[in-house]
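Summary of the model geometry
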Amino acid sequence: KNMGGIVSRQRKEQQRKNKSSVAKVNERDLQEYYESEIEETHLEKYARALVVDVSKFNRKMLSRTINDFFSEVVQAEDGLEAIKHVENSIAVKKPFDIIFMDSIMPNMGGIEATAKIRALGYSSLIIGVTGDITEEDAEKFVKCGVNDVMLKPLLLPHFESILIDLKAMKAG
């Protein structure tokens, strides 16, 4: 079920600005940024998040970004592995609060994996996180069930807006 998320013009414009300014940032710089920004954030902690990305570096950085907001952050390197984690989480009645899904991955990409995860009955947020995406690709991602599509790297102001959406979904 699509929860009404569409790539917002405002977010896309901000992401375009951020993309050009952070394209050549190294891991240490990103970690310092995340640590300084996260200390100033006062959002509640959620239980579980799943980070799905083909790049170990991207999984590590996004996991570090969100670690202070979730009790557990699980990583998967492709869509097949993500589906297995979601199936297991449903079986043990500990579903993920949110999934961050890369678009292009080996074995199974994010669009196909998202559709299969939604077919399993997963109804919480799925955020498509990608390095580059056209409007057409974003629409395909949304049609398969993601709530929003964001460009990498996911910076704290973007993440905070996602947490606000998650909080509203949990409350409603």
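This text goes with the structure placed above it.
**A short note on the overall build of the protein**
Tallying secondary structure elements over the protein gives seven helices and five strands in all. Element order for the protein, N to C, with α for helix and β for strand: α-α-β-α-β-α-β-α-β-α-β-α. Taking all 172 residues of the protein together, the buried fraction comes to 46%. Relative to all contacts within the protein whose residues are 6 or more apart in sequence, the contacts with residues 24 or more apart total 70%.

**Some words on the pattern of salt bridges**
Counted according to the given criterion, the structure contains five salt bridges. A salt bridge links Arg 48 to Glu 72; its shortest N-O distance comes to 2.9 Å. Residue Arg 48 is found in strand 1 (residues 46–52), and its partner Glu 72 is found in strand 2 (residues 70–76); the two are separated by 24 residues along the sequence. When the shortest N-O distance is used, the salt bridge between Lys 152 and Asp 102 registers 3.3 Å. In this pair, Lys 152 sits in the loop between strand 5 (148–151) and helix 7 (156–171) while Asp 102 sits in the loop between strand 3 (98–101) and helix 5 (110–119), placing the two residues 50 residues apart along the sequence.

**Thoughts on the side chain of Lys 152**
Residue Lys 152 is classed as buried on the basis of its relative accessible area, which comes to 18%. Ignoring anything within four residues of it in the chain, the contact list for Lys 152 reads Asp 53, Asn 58, Asp 102, Val 129, Thr 130 and Gly 131.

**A look at the sheet that holds strand 3**
The five strands lie next to each other as 2-1-3-4-5, forming an open sheet whose pairing is parallel. Because the sheet does not close on itself, it has two edges, and the strands there are strand 2 and strand 5. Pairwise comparison of adjacent strand axes, ignoring direction, gives a mean angle of 20 degrees for this sheet.

Rules used in this analysis
- Residues numbered from 1 in each chain as written.
- Predicted model: local features only at pLDDT ≥ 70, side-chain atom pairs only at ≥ 80, totals over all residues.
- Heavy atoms only, no water.
- Helix = DSSP H or I, 4+ residues; strand = E, 2+ residues; numbered from the N terminus.
- Buried < 20%, exposed > 50% of the residue type's maximum accessible area, 1.4 Å probe, protein only.
- Contact = heavy atoms within 4.5 Å.
- Salt bridge = Lys/Arg side-chain N within 4 Å of Asp/Glu carboxyl O.
- Pairing = 2+ DSSP bridges.
- Axes fitted to C-alpha atoms, helices over the stretch in contact; angles between N-to-C directions.

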